[in-house]
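The lines below spell out each chain.
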Amino acid sequence: MTDKNKTTNILMVGVGGQGIILASDIVSAAALHAGFDAKKSEIHGMSQRGGSVFSHIRFGKHIYSPVIPNHQADILLSLELMETLRWVQYAGPDTQCIVSQEMILPAMVEEYPTGLEDEIKKLSQKTVFVDPKELIKKIGDKKYINVAFCGMLAKYIDLPEASWKQSIEEHVPRGTFEANWTAFGIGKTD
Amino acid sequence: MKKILLSGNEAVARGAFEAGVAVGAGYPGTPSTEILENLTKYPGIYTEWSVNEKIAYEVGIGACLAGARTLVTMKHVGLNVAADPLFTSSYIGVKAGLVIVNADDPDMHSSQNEQDNRNYARSAKVPMLEPADSDETRRFTVRAFELSEKYDTPVILRTTTRISHSMSVVTPDSEAAQSPSLEKVRALKPEGFSRDIKKYVMIPAFARERHKVVEKRMEKLTADADSFDINIIEINDTRFGIITSGINYMYVKEAFPDASVLKLGMIWPLPWKKIDEFSKKVGRIFIVEELDAFFEIEIKARGYTVTGKDIFPVTGEFSPDVVRETISAAMGEPLETKEYYASPKLPPRPPALCPGCPHRTVFKILNEMGLTVTGDIGCYTLGVLPPWSAMDTCVEMGGSIGLAQGIEIAGGETAIKKTVAVIGDSTFAHSGISNLVNAAYNGRKGLYIVLDNNTTAMTGMQPNPFSGERITLEASVAVDYELLGRAVGMKKDQVKIVDAYKPKDIEDAIREMLDKDSLSLLVIKGPCVIWKRKRKKKE
Ligand SMILES: Cc1ncc(C[n+]2csc(CCOP(=O)(O)OP(=O)(O)O)c2C)c(N)n1
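How each quantity is defined
Residues numbered from 1 in each chain as written. Chains lettered and ligands numbered in written order. Predicted model: local features only at pLDDT ≥ 70, side-chain atom pairs only at ≥ 80, totals over all residues. Heavy atoms only, no water. Phe/Tyr/Trp six-rings, centres within 6.5 Å; stacked < 30°, edge-to-face > 60°. Helix = DSSP H or I, 4+ residues; strand = E, 2+ residues; numbered from the N terminus. Buried < 20%, exposed > 50% of the residue type's maximum accessible area, 1.4 Å probe, protein only. Contact = heavy atoms within 4.5 Å. Axes fitted to C-alpha atoms, helices over the stretch in contact; angles between N-to-C directions. Parallel < 35°, antiparallel > 145°, perpendicular 65-115°, else oblique. Nonpolar A, V, L, I, M, F, W, Y, C, P; charged D, E, K, R; others polar. Buried area = accessible area lost by both parts, 1.4 Å probe. Salt bridge = Lys/Arg side-chain N within 4 Å of Asp/Glu carboxyl O. Domains from an automatic or database assignment. Polar contact = N/O pair within 3.5 Å; in protein donor to acceptor, adjacent residues only side chain to side chain. Pairing = 2+ DSSP bridges. Patch = residues over 30% accessible without salt bridge, like charges linked within 9 Å, V, L, I, M, F, W, Y side chains within 5 Å. Areas by Shrake-Rupley, 256 points an atom, 1.4 Å probe, with all protein chains shown as cover. Lys, Arg positive; Asp, Glu negative; His and termini not counted. Charge placed at Lys NZ, Arg CZ, Asp CG, Glu CD. 1 Å grid on protein atoms, 1.4 Å probe; cavity = no way out; pocket = protein on both sides within 12 Å on 5 of 7 lines; lining within 4 Å. Points joined across faces, edges and corners; volume = space filled by probe spheres on them.

Peer 1: It is not clear to me how the packing of aromatic side chains should be interpreted in this structure. Could you clarify?
Peer 2: To describe a pair of aromatic rings, you give the distance between the ring centres and the angle between the ring planes. One pass over the full model with this rule turns up 16 aromatic pairs over all chains. Ring centres 5.9 Å apart and planes at 15 degrees place the aromatic pair phenylalanine 177 of chain A and tryptophan 181 of chain A in the stacked group. Of this pair, phenylalanine 177 of chain A and tryptophan 181 of chain A both sit in helix H7 (residues 177-189), four residues apart, which is roughly one turn of that helix. Here phenylalanine 177 of chain A and tryptophan 181 of chain A have matching classes, each one buried. Seen in terms of ring centroids, phenylalanine 466 of chain B and tyrosine 481 of chain B are 4.4 Å apart; in terms of plane orientation they differ by 10 degrees. Their pairing is stacked.

Peer 1: Would you take a moment to explain the environment of proline 113 of chain A for this structure?
Peer 2: By secondary structure assignment, the location of proline 113 of chain A is in the loop between strand E5 (96-100) and helix H3 (116-123). Given the relative accessible area of 25%, proline 113 of chain A is considered partly exposed. Separated by 32 residues in the primary sequence, proline 113 of chain A and leucine 81 of chain A have C-alpha atoms spaced 10.0 Å apart. Once you skip the residues sitting within four places of it in the chain, proline 113 of chain A turns out to touch Met82 of chain A together with Pro347 of chain B.

Peer 1: Please explain the packing of helix H4 (residues 132-139) of chain A against helix H5 (residues 145-157) of chain A as it appears in this structure.
Peer 2: Each pair of packed helices gets described by two things: the angle between the helix axes and the distance between those axes. Residues and elements named next belong to chain A. Look at H4 against H5: their axes get within 10 Å of each other, and the N-to-C directions meet at 100 degrees. Judged by the angle between their axes, H4 and H5 are roughly perpendicular. Across the interface between the two elements, Pro132, Leu135, Ile136 and Ile139 from H4 touch Ile145, Ala148, Phe149 and Met152 from H5. Classifying every residue of the contact of H4 with H5 gives eight nonpolar, no polar and no charged.

Peer 1: Would you take a moment to explain the interface of chain B and chain A for this structure?
Peer 2: A common way to express how large an interface is: the accessible area buried when the components associate. The interface of chain B with chain A comprises 42 residues on the first partner and 48 residues on the second. Each partner contributes to the roughly 3,900 Å² buried at the junction of chain B and chain A, and carbon and sulfur atoms together form 64% of this total. Counting the surface chain B buries against chain A, the share from its top three residues, Tyr341, Leu346 and Arg349 of chain B, is 22%. The tally of links between chain B and chain A comes to three salt bridges.

Peer 1: Could you clarify how one ought to interpret the domain arrangement of chain B in this entry?
Peer 2: All names here are of chain B. Along its sequence, chain B is organised into domain 1 (4-225), domain 2 (232-335) and domain 3 (359-538). In this complex, domain 1 contributes 17 residues to the contact, which on the side of domain 3 involves 16 residues. For the pair domain 1 and domain 3, the summed buried area comes to about 1,100 Å², and 63% of that belongs to carbon and sulfur atoms. Ranking the residues of domain 1 by area buried against domain 3 places Tyr27, Trp49 and Gln112 at the top, with a combined share of 40%. Our count for the domain 1 to domain 3 interface comes out at zero salt bridges. Summed over the shared surface of domain 1 and domain 3, the result is four residue pairs in polar contact (both at pLDDT 80 or more).

Peer 1: Looking at this structure, I do not really get the sheet that holds strand E9 (residues 232-234) of chain B. What am I missing?
Peer 2: Two orientations exist for strands paired in a sheet by backbone hydrogen bonds: parallel and antiparallel. Residues and elements named next belong to chain B. If you walk across this open sheet you meet the four strands as E9-E11-E10-E13, and the pairing is mixed. The open sheet has two edge strands, E9 and strand E13 (284-288), and neither has a second partner. For this sheet, the mean inter-axis angle between neighbouring strands, taken without regard to orientation, is 15 degrees. Bridge analysis of strand E10 (residues 237-245) against E13 gives five bridges, and the strand direction is parallel. Bridging from a neighbouring strand, threonine 244 pairs with valine 288 of E13. Running over the sheet, helix H13 (residues 247-255) touches E9, E10, strand E11 (259-264) and E13 and is turned about 155 degrees from E10.

Peer 1: Help me understand the side chain of serine 245 of chain B, please; the structure alone is not making it clear to me.
Peer 2: Residues and elements named next belong to chain B. Residue position: serine 245 is located in strand E10. On the accessibility criterion, serine 245 (3% relative accessible area) is buried. Look past the residues within four positions of serine 245 in its chain and what remains in contact with it is Glu130, Leu264, Ile267, Val288 and Phe295.

Peer 1: Where do I start with a positive patch on the surface in this structure?
Peer 2: All names here are of chain B. On the surface, a cluster of positive charge is made up of Arg533, Lys534, Lys537 and Lys538. Note on placement: arginine 533 falls in helix H22 (residues 529-538). For arginine 533, a relative accessible area of 56% gives the class exposed.

Peer 1: Would you explain empty space enclosed by the protein in this entry?
Peer 2: Over the atoms a probe the size of a water molecule is rolled, and this reveals where empty space is left. All names here are of chain B. Overall, the coordinates contain six cavities of 30 Å³ or more when judged by the stated rule. Size it by volume and the largest cavity reaches roughly 80 Å³. Lining the largest cavity we find 13 residues, and of these Cys354, Cys357, Cys379, Ala457 and Cys528 sit closest to its centre. Partitioning the lining of the largest cavity into residue classes produces 10 nonpolar, two polar and one charged. For the second largest cavity, the calculated volume is near 60 Å³.

Take a look at the structure:
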C-alpha cells in the first residue's frame, strides 16, 4: 500500500485533445476514494487549442499546494514524446517516467526533433517507453488509450482496485465502462 | 456528507445553491466561465448569459432589489466593463444578497492583462473575500451572501485561475441545501421591488447621504473584521511571520509548514487589530501576495516595516518554490542549489486555430491583401500568429471597431482603403454593436468584419445573442445583422453575409466593400468545428 503519510505527486502532460483532463480526473478521484486528501491543478483556456496541456495531481494525508513543487514529481506520465521534456522543471532523477512514443507535430514545425528518447533517459533512468500503436492493438480502440495509461500509472501508485473501479465508473461515458475497465486492466498488466 | 472533488468554479456554484441563490447572471471569461455553467445544473435557479458584464451586473442589482439572492460572475477584465454599476451599487446597497464572483488571472493564462482586482474593492468600497481552496470557495460563497445582507452591500468573491481551475476536496453541506429554512427561501417568491428613492435613486442630493452610509459601513466592517473567523492567525515558529491570502496561503504552507501565518479570508477591508496582534507575536514580517503590493501598501501606511515587493515579483504567478526560495534568501539562509537535468530547446507548441476552423480562410486573405487589421478578442486573435500574421492590434473586447475608427480619422482616405476591423460574434454582441452605431453616427466609411462561428468559442462554446440560444440551450432570438445595419442607416449593399468556406466570395466581398465609399459590415459565417462536434455528440 502507498504510505499514507507520504505525498504522491503525479504530473500528466500531453497535447490538447489527448484526454489528459479525463485521465487526471480519474486518478485524483481514485485517490480520494482510497481515503486520501487529493488536489489537482490544470489550466483550461488557450492551452486547449492544440497547445501543451498539463495536469498536476497530488494526494496524501494532507495536501496544501495544488501545484507540485519543482523536481518533486514521483511520476511523469507523458502522452506525447516531446512534451515530456517541456516539464523537466517538475521532474528529477528519481521520477518514474511513463512516456508514450506518440509524436504530434506542433503547428508551423516541419520536422520533429530527434534524439528525444535519449534525452528523456538522461532526465531519469526510470523511464518506460510505450508504443501507442501496440497499446491500441491490445485494447482494440484508441478511444480508451488514456484509461489504459491510467492502468500503467496504477502499477506505480498502488491504490486499491475498488477505488479505481469506482472512479472510472464515475468518469467515463455511460455504456463504456466495461471497455474502459478492460483497457485499464490491459494497461496495468502490460 | 460524502466528500467530493470540485474545482473552485464548481464550488462557487455549489455554495450559491446552498445559499439559496435564485438568480445567476454573467458573461463568459476564463477562468470564471464554468461557475454559471454549473449553476444551471441546480434546480430552481434562473441563469443567463448576459450580453456583457455591465448588463449582468445590472440584472444582478435589479434581481437583488426585488428580493432574490443573486450571483454575478465574470473574469477580471469583465469588472472593468461592469465598473460603472459596481461603484454606484456600492451606494445603493442590496435587499437580498448580491455577490459578484470575479476571477483574476495572474500570469495571463488566458487574458490580455494581469490587473489586480483587489484594487476595485478598495476604490468601490465594498468587501472582498478570497478563498484558498474549493471547500473554502463553497463556504465563502455562502458567507458572502450573509455579509451582503448584514452590511447592505454588494460583496465581491475574488478567485484566481489556480483557485478556479484546481480541484480539491469539498464536503457539501447537504443540510444547508435541504434545510427547511432554505427550502423556504427557495419557495419564497422574491417579494418584488418596492420604492425607496433615497436609497435607490442616486441623484446628488441622495447620493451625498448614501456616501456617508458607505463610509460608516466600511468602518463597521473594518471593526468587525477582527472577529471574523475567516481571518486566521496561526502562530508557530515566530522568527518571521507571513501575511497572505488565497492560493498563496497554500504555497506558504507547502514551503514553510511551521511558519506563523496571518491568513486573510476577507481581503478588504483589512482586520487591523488582528494585524497588530500578529505583528507583535512575530519577528520579521513578509507579505506574500501575487500581483500588486495591495496588502503591503496598506500595512506600510499603518507604520509597519514589512518585506514584500522588494523581494517578490509583481508579475506572474507564485509557486511553492518562489515562496521558499525568496523568503529563505531574505532570511540569509539561501537554499542549496542542486544541478538538475536541463532539456534541449524544444519547438514551442502554442495554441493554434483548429484544423478546419472557419476563421482560417479570412486571415489567409487578409494576409495576402496586406491590410491593416484591428483585431479583437477570441479564438480569432490567433490570426496574429504565423502563418496568418494578419492582425495589428488587440486591446479589449469590442475595441477593434473603435480603433479602426480612430485610424480612419487620423489617417484619412488612404487609411480607409487599407484598414479593416475583425471581431467575433460574441464580441460584436458584447460591445461591438455600440461601436457600429458610433461609426454610422459619425460618418465613418470603414469595413468591419464579423467572424460569426455561431458560438463563443474561446471560452468553451457558450451561446450568444447571434446564435439563437440561451445558456440553457432553449431557443431564442438571433440578432439580425441586416436589420441591425438598416437601423443605423446602412443600405442593403453595405451589409453582406458570406460563407466562411468560400474564399473567393470572401475576397470579392472585401475588395468590393473596401472600394466603396461607405461604411460596410461583412459577416463571415461558418460554425466552429468544435461546437459542431460537441453538438453531434449530444444528438
Ligand atoms: C471584458 C471581457 N469579457 C470576457 C472576456 C473573455 N473572452 C475572451 S474572448 C471572448 C469571446 C470570444 O467569442 P467570439 O467573439 O464569438 O469569438 P470566438 O472565440 O468564437 O472566435 C471572451 C468572452 C474578455 N477577454 N474580456
